[in-house]
Amino acid sequence: MRIGHGYDAHRIEPGKKMTLGGVKISSDFGLKAHSDGDVLIHALADAILGASGLRDIGFYFPDTSDETLNMDSSEILKSAAEMAEKRGLKISFADCTVIAQRPKLSSYIDDMRASLAEILGVERDRINVKATTEEKMGFTGRCEGISAHAVVLLEE
Ligand code: MG
């Protein structure tokens, strides 16, 4: 069994579309990024790479490359899972937490789980997604950005 942790944060960008866990979220702001800014997917992909003993997603998908401009982050997640698989590792369980003051994410949780499970090609009960606020403290609390953590177990 291998364990990996991933963390990511993105700044809010008014007027941009928001995608979290591959799911379109209704919001008057999105997340500023070179890719689509899917902070949840970035944290989960980094956790998978971490448990595989690999480098971070910035190493494999640099934000200076034209290839990753406006990239659909589900491609990043698929690649991370493929890199793990090549090393004989498969996803046993992932637990993710999105930290956002706004928008309210509770009605999207099931869709995000289903979406992440589909991208990874695993059963839905192997992926968990939670959401929390930081009680108006810090950059997420001031609605300057959204962050996400992910912990994953990979089976050999
Ligand atoms: Mg990111």
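Above this text you will find the structure in question.
Residues numbered from 1 in each chain as written. Predicted model: local features only at pLDDT ≥ 70, side-chain atom pairs only at ≥ 80, totals over all residues. Heavy atoms only, no water.

Caption draft 1: Geometry of the overall build of the protein. What the protein contains, in helices and strands, is five helices and seven strands. Reading the helices (α) and strands (β) of the protein from amino to carboxyl end gives β-β-β-β-α-α-α-β-α-β-α-β. In terms of overall dimensions, the protein is globule-like: its C-alpha atoms have a radius of gyration of 15 Å, near the 15 Å expected for 156 residues. Oriented by its inertia axes, the alpha-carbon framework of the protein measures out at about 40 × 35 × 25 Å. Across the 156 residues of the protein, 49% fall into the buried class. Sequence-distant contacts in the protein: of pairs separated by 6 or more residues, those separated by 24 or more amount to 72%. Of the side chains in the protein, 19 bear a positive and 25 a negative charge, and the two mean positions are spaced by 3 Å. (Helix = DSSP H or I, 4+ residues; strand = E, 2+ residues; numbered from the N terminus. Rg over C-alpha atoms; globule rule 2.2 N^0.38 Å. Buried < 20%, exposed > 50% of the residue type's maximum accessible area, 1.4 Å probe, protein only. Contact = heavy atoms within 4.5 Å. Lys, Arg positive; Asp, Glu negative; His and termini not counted. Charge placed at Lys NZ, Arg CZ, Asp CG, Glu CD.)

Caption draft 2: Broad picture of the coordination of the magnesium ion. Around the magnesium ion, the donor atoms from the protein are D8 (OD), H10 (NE2) and H42 (ND1), and they sit 2.0 to 2.2 Å away. All donor residues of the magnesium ion come from one chain, and their arrangement in sequence is D-x1-H-x31-H. As far as burial versus exposure is concerned, D8 and H10 are alike and both buried. (Donors = N, O, S within 2.8 Å, 3.2 Å for Na, K, Ca; no water.)

Caption draft 3: Inspection of unusual backbone geometry at higher detail. A cis amide bond links R102 with the next residue in sequence, P103, at an omega value of -10 degrees. Assignment of secondary structure puts P103 in the loop between β5 (90–99) and α4 (109–120). The residue N70 is not glycine, and still its phi comes out positive at about 55 degrees. Checked against the element boundaries, N70 lands in the loop between α2 (57–60) and α3 (73–86). Classification of N70 as exposed rests on a relative accessible area of 58%. Here C143, not a glycine, exhibits a phi torsion of approximately 60 degrees, which is positive. Tracing the sequence through the fold places C143 in the loop between α5 (138–141) and β7 (145–155).

Caption draft 4: A look at the nonpolar core. Counting 49 residues, the largest nonpolar core has L20, L44, I48, L77, M112 and L120 as the members making the most contacts within it. No other element matches the 10 residues that helix α1 (residues 39–51) contributes to this core. Discounting residues that sit within four places of it in the chain, L120 has contacts with L44, I48, L77, A81, I91 and I127. (Core = buried A, V, L, I, M, F, W, Y, C linked by side-chain atoms within 4.5 Å.)

Caption draft 5: Spotlight on the sheet that holds strand β1 (residues 2–14). Ordered in space as β4-β1-β7-β5-β6, the five strands form an open sheet in which the pairing is mixed. Each end of this open sheet is capped by a strand with a single partner; those strands are β4 (29–31) and β6 (127–132). In this sheet, neighbouring strand axes are inclined to one another by 20 degrees on average, regardless of whether the strands run parallel or antiparallel. When β1 meets β4, the two strands line up antiparallel, connected through three bridges. Directly across from I12, in β4, lies its bridge partner L31. Along the sheet, α4 contacts β5 and β6; its crossing angle with β6, the most-contacted strand, is approximately 140 degrees. (Pairing = 2+ DSSP bridges. Axes fitted to C-alpha atoms, helices over the stretch in contact; angles between N-to-C directions.)

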